[in-house]
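The residues making up each chain are set out below.
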Amino acid sequence: MLLSITTTAVPATDLGYLLHKNPGRVHGFDLSFGHATVFYPEASPDRCTVCLLLEVDPIGLVRRKSGPAGDGGMLTQYVNDRPYVASSFLSVAISEVFGTALGGRSKDRPELAAQSLPFEVRIAVLPSRAGERLIRDLFEPLGYAVTTERLALDPKFPEWGPSRYYSVLLTGNQRLQDLLSHINVLIPVLDDEKHYWVGDDEVDKLLRRGGDWLPVHPAKEQIARRYLKHRKSLALEAIERLATDADAEDEPATPAPKAPGREEALESKISLNAQRISQVADAVRAAGAKSVVDLGCGEGKLLRELVKQRHLERIVGMDVSIRSLETAHERLRLEQLSPTFRDRIQLIHGSLMYRDRRLQGFDLATVIEVIEHLDAARLRAFERVLFEQARPSTVLVTTPNAEYNVRFESLPAGQFRHPDHRFEWTRAEFEAWSTGIAARFGYAVRFDGVGLADAALGAPSQMATFDIR
């Protein structure tokens, strides 16, 4: 099978730097299923083409019992389209041979790796049982102009009609990293088959390879199903997590970065955040929980306190923001922790809007200053995800007390503490919501204030503790 990539960005031979493959040489790679060769049929300042030629050994695959499906000894195990047609073999070869470029790294031309360049991609033989329309539906939303030629089943016998194979040309401006990830993911989708077992780790690989483009792709659900070989449970997990990523900007599951002069500045005068973290950590300790998940963990301030509690055997922080998780990773200094401490804590990417089996089985869940960032529809979805589906034994929820806002002299009347807040509840409103949750989902609830309380207005923040009946 053959893949060729051409650029006309001057100097075009910089493609060799991006791929870490010298245009003046032929490069060979032994793979578990055959041999890959990288060569440049043209390399001038104005135009440079790199080719990846993959030779699959079908006899060797059968001997290793990893070949195409079929009855033992049948001819189709040895005579099939795998050596000629773009498939998951080509995706694996791209990962093995162009792994550095696929990761967006270029030691000698880092600025070039971040640029969109003009590319032409030719895939000599690409399968699509669903026809040309599927090829276009997959690649055109990514910004490619798509040209296809349907190949005859056998030119010598035109009466046999056309095959399910196409010669495809993709043209467009892309970062090389994105281009390679598009091909890496979408070729197995079109082939609708994989040469290896698809397990749970394939979901993570799909989301990693999909990067920023897959969550917003209009065919993301079809991509997930086909990439995961129609394994229903895996496809469902991938689709839910993709929906989370697509909605991340519109439905922050945790507070957005604090705007100067607003919530952080207001509350810092009374050290409310420190009091809140301390009070929640004390409540976790008092509950006697051994496993805790912090939903909307943000930058890991609460996690940093929880990891000090040696009785906790498992601590998980989940957030919709990758950037916040990266900050939490640094704040927790996970790489510097001893194995005993490091094995107790995990950071995961996800949203509160979708059922997530990773949230099940915890003794206690914390939701700290999160619900006020959710509009009514998303709040209802969150309620079911947490209290009905995840169903921890204890849930701690904190939210601002709107009555106390008049004590913040710099906060204009009628405004919220943070511009991203969808609401701020009075004590009565929070208690009404919490009591309703407890009744619907079988919990008992009690209330506490967070911070120094005013006799008339109550505490600056409020906390509900839900215990399962």
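As the structure is a prediction and not an experimental result, all values here were calculated from the model. (Residues numbered from 1 in each chain as written. Predicted model: local features only at pLDDT ≥ 70, side-chain atom pairs only at ≥ 80, totals over all residues. Heavy atoms only, no water.)

### Concerning the packing of aromatic side chains
Each pair of aromatic rings is reported with the distance of its centres and the angle of its planes. Rules: Pairs were defined over the aromatic rings of Phe, Tyr and Trp, the Trp ring being its six-membered one, requiring ring centres within 6.5 Å. Orientation was assigned from the angle between planes: stacked under 30 degrees, edge-to-face over 60, tilted for the rest. Remark: exposure states derive from per-residue accessible area (1.4 Å probe, protein chains only) relative to the maximum for the residue type, with buried under 20%, exposed over 50%, and partly exposed in between. Two limits define a charge over a ring: the Lys NZ or Arg CZ must be within 6 Å of the ring centre, and within 35 degrees of the ring normal.
Per the stated rule, a full pass over the model turns up 14 aromatic pairs. Judged by centre distance (5.7 Å) and plane angle (65°), the rings of Tyr 404 and Phe 408 are edge-to-face. The exposure class of Tyr 404 is buried, given its relative accessible area of 11%. Among the aromatic residues, ring-to-ring pairing joins Phe 387, Phe 423, Trp 425, Phe 430, Trp 433, Phe 441, Tyr 443, Phe 447 and Phe 466 into one connected group. Across from the ring centre of Tyr 17, 4.1 Å away, lies the NZ or CZ of Arg 109, which sits over that ring.

### Topic: the pattern of salt bridges
We count it as follows: We count a salt bridge whenever a side-chain nitrogen from Lys or Arg sits within 4 Å of a carboxyl oxygen from Asp or Glu. Secondary structure elements follow DSSP: runs of H or I no shorter than four residues count as helices, runs of E no shorter than two count as strands, and numbering proceeds from the N terminus.
Within the structure shown, the criterion is met by 24 salt bridges. In this structure, the salt-bridge partner of Arg 136 is Glu 140, at a minimum N-O distance of 2.8 Å. Given the relative accessible area of 32%, Glu 140 is considered partly exposed. Of the charged contacts, one joins Arg 440 and Glu 383 as a salt bridge, the two residues approaching to 2.9 Å between their closest N and O atoms. Taken together, the positions of Arg 440 in helix 17 (residues 427-441) and Glu 383 in helix 16 (residues 376-390) put the pair 57 residues apart, joining distant regions of the chain. For Glu 383, a relative accessible area of 5% translates into the label buried. The network of salt bridges with common partners includes Glu 132, Arg 133, Arg 136, Asp 137 and Glu 140.

### Description of the state of the cysteines
Put simply, the rule is: In what follows, a disulfide is any cysteine sulfur pair within 2.5 Å.
Tallied over the entire structure, the rule returns 0 disulfides. Cys 51 provides the cysteine sulfur closest to Cys 48, a residue in no disulfide bond, and the two sulfurs are 9.9 Å apart.

### Things to note about the nonpolar core
Our working rule: Think of a nonpolar core as a cluster: buried Ala, Val, Leu, Ile, Met, Phe, Trp, Tyr and Cys residues, connected wherever their side-chain atoms sit within 4.5 Å. We call two residues contacting when some pair of their heavy atoms lies within 4.5 Å.
Among the nonpolar cores identified, the biggest contains 68 residues, and Leu 54 and Leu 180 are the most heavily contacted of them. In terms of residue count, helix 7 (residues 176-191) provides more of this core than any other element does, 9 residues in total. Residues contacting Leu 180, with those up to four places away along its chain left out, are Ile 5, Leu 19, Ile 94, Phe 98, Ala 101 and Leu 102. Judged by nonpolar contacts, the second largest core, of 32 residues, contains Leu 295, Phe 382, Val 385 and Ile 437.

### Some points on the confidence of the model for the protein chain
Detailed conclusions should not be drawn from predicted coordinates in areas where pLDDT is low. Definition in use: pLDDT expresses how confident the predictor is about each individual residue, on a scale running from 0 to 100.
Within the protein chain, residue pLDDT values average 86, and 89% of them lie at 70 or more. The element-level mean pLDDT for the protein chain is lowest in helix 11 (residues 263-268), coming to 50, with strand 8 (residues 291-295) highest at 97. Confidence drops under a pLDDT of 50 for residues 66-75, and excluding neighbours within four residues, the segment shows 10 contacts in the predicted structure. A low-confidence stretch, residues 246-262 (pLDDT under 50), is modelled with 42 contacts involving residues beyond four sequence positions or located in other chains.

### Things to note about the sheet that holds strand 7 (residues 162-174)
Where we set the bar: A pair of strands is labelled paired if DSSP reports no fewer than 2 bridges between them. Orientation is described by lines fitted to C-alpha atoms, with helices fitted over the stretch in contact, and by angles between N-to-C directions that extend from 0 to 180 degrees.
The strand order 2-3-4-1-5-7-6 describes an open sheet built from 7 strands, whose pairing is antiparallel. One side of each edge strand has no neighbouring strand; the edge strands of this open sheet are strand 2 (27-31) and strand 6 (145-152). Going from strand to strand, the sheet's axes swing by 15° on average, the running direction of each strand aside. In the sheet, strand 1 (residues 2-7) pairs with strand 5 (residues 117-127) via 5 bridges, with the strands oriented antiparallel. Considered in strand 5, the bridge of Leu 3 is made with Ile 123. Sitting on the sheet, helix 3 (residues 88-97) is in contact with strand 1, strand 2, strand 3 (34-43) and strand 4 (48-56), with an inclination near 125° to strand 4.

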